Amino acid sequence: MNPKDYPANWKKISAEIRSRSGGRCECFGECGLHNGTDLVDTYNGRCREHHGQFAIFARGKVVLTTAHLCHKTKCARRTHLKAMCNRCHLRYDLPHHIKNARITRLKKAVMGI
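Here the structure is a predicted model, which means the values were calculated and not measured.

**Comments concerning the environment of phenylalanine 28**
Phase 1: Assignment of secondary structure puts phenylalanine 28 in the loop between α1 (10-20) and β1 (64-68).
Phase 2: Between the C-alpha atom of phenylalanine 28 and that of arginine 48, which follows or precedes it by 20 residues, the distance is 9.9 Å.

Now the structure itself:
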């Protein structure tokens, strides 16, 4: 994470989003999961992970992060931001990361690196 790529008050914004979530992942399937069929569906399609708890669907403890749904790190619009557990955030961003990695590889190939 390069701080120059984020709003100057990103730490405050991110804390606000995570607070809004009540410490729980706000993913409703954006990651490709949580379609209402996770085990016993008492969460109405929302991810069941809670910050600091041992993960239900992964190993280790859950880390709640702030995801840019628009993939624009300078964006500070609260409607474009969601608190997501590390698992959902990584899954949500995967296509974006794959695209950026491909572009980086092509640039390096052109530059002969």
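**Describing the pattern of salt bridges**
Phase 1: One pass over the full model with this rule turns up three salt bridges.
Phase 2: One salt bridge in this structure joins arginine 20 and glutamate 26, with 2.8 Å as the shortest N-O distance.
Phase 3: When the shortest N-O distance is used, the salt bridge between lysine 82 and glutamate 30 registers 2.5 Å. One end of the pair, lysine 82, is in strand β2 (residues 81-85); the other, glutamate 30, is in the loop between α1 and β1, and 52 residues separate them in sequence.
Phase 4: Under the relative-accessibility criterion, glutamate 30 is labelled partly exposed at 29%.

**Here we look at the layout of surface pockets**
Over the atoms rolls a probe the size of a water molecule, and its path tells where empty space is left.
Phase 1: Roughly 240 Å³ of internal volume is contained in the largest pocket.
Phase 2: Looking at the largest pocket, it is lined by 13 residues, and the ones nearest its centre are Tyr6, Thr66, His68, His89 and Asp93.
Phase 3: Going through the elements one at a time, α1, β1 and α2 (86-111) are the ones with two or more residues in the lining of the largest pocket.
Phase 4: A total of five residues in the lining of the largest pocket trace back to one element, the largest contributor, which is α2.

**Let's talk about the state of the cysteines**
Phase 1: Evaluated as defined, the whole model comprises zero disulfides.
Phase 2: Cysteine 47 supplies the cysteine sulfur nearest to cysteine 25, a cysteine that is in no disulfide, at a spacing of 3.8 Å.
Phase 3: Left unpaired, cysteine 70 is separated from the closest cysteine sulfur, that of cysteine 75, by 3.8 Å.
Phase 4: Note on cysteine 70: relative accessible area 25%, which makes it partly exposed.

Criteria and cut-off values
- Residues numbered from 1 in each chain as written.
- Predicted model: local features only at pLDDT ≥ 70, side-chain atom pairs only at ≥ 80, totals over all residues.
- Heavy atoms only, no water.
- Helix = DSSP H or I, 4+ residues; strand = E, 2+ residues; numbered from the N terminus.
- Salt bridge = Lys/Arg side-chain N within 4 Å of Asp/Glu carboxyl O.
- Buried < 20%, exposed > 50% of the residue type's maximum accessible area, 1.4 Å probe, protein only.
- 1 Å grid on protein atoms, 1.4 Å probe; cavity = no way out; pocket = protein on both sides within 12 Å on 5 of 7 lines; lining within 4 Å.
- Points joined across faces, edges and corners; volume = space filled by probe spheres on them.
- Disulfide = S-S within 2.5 Å.

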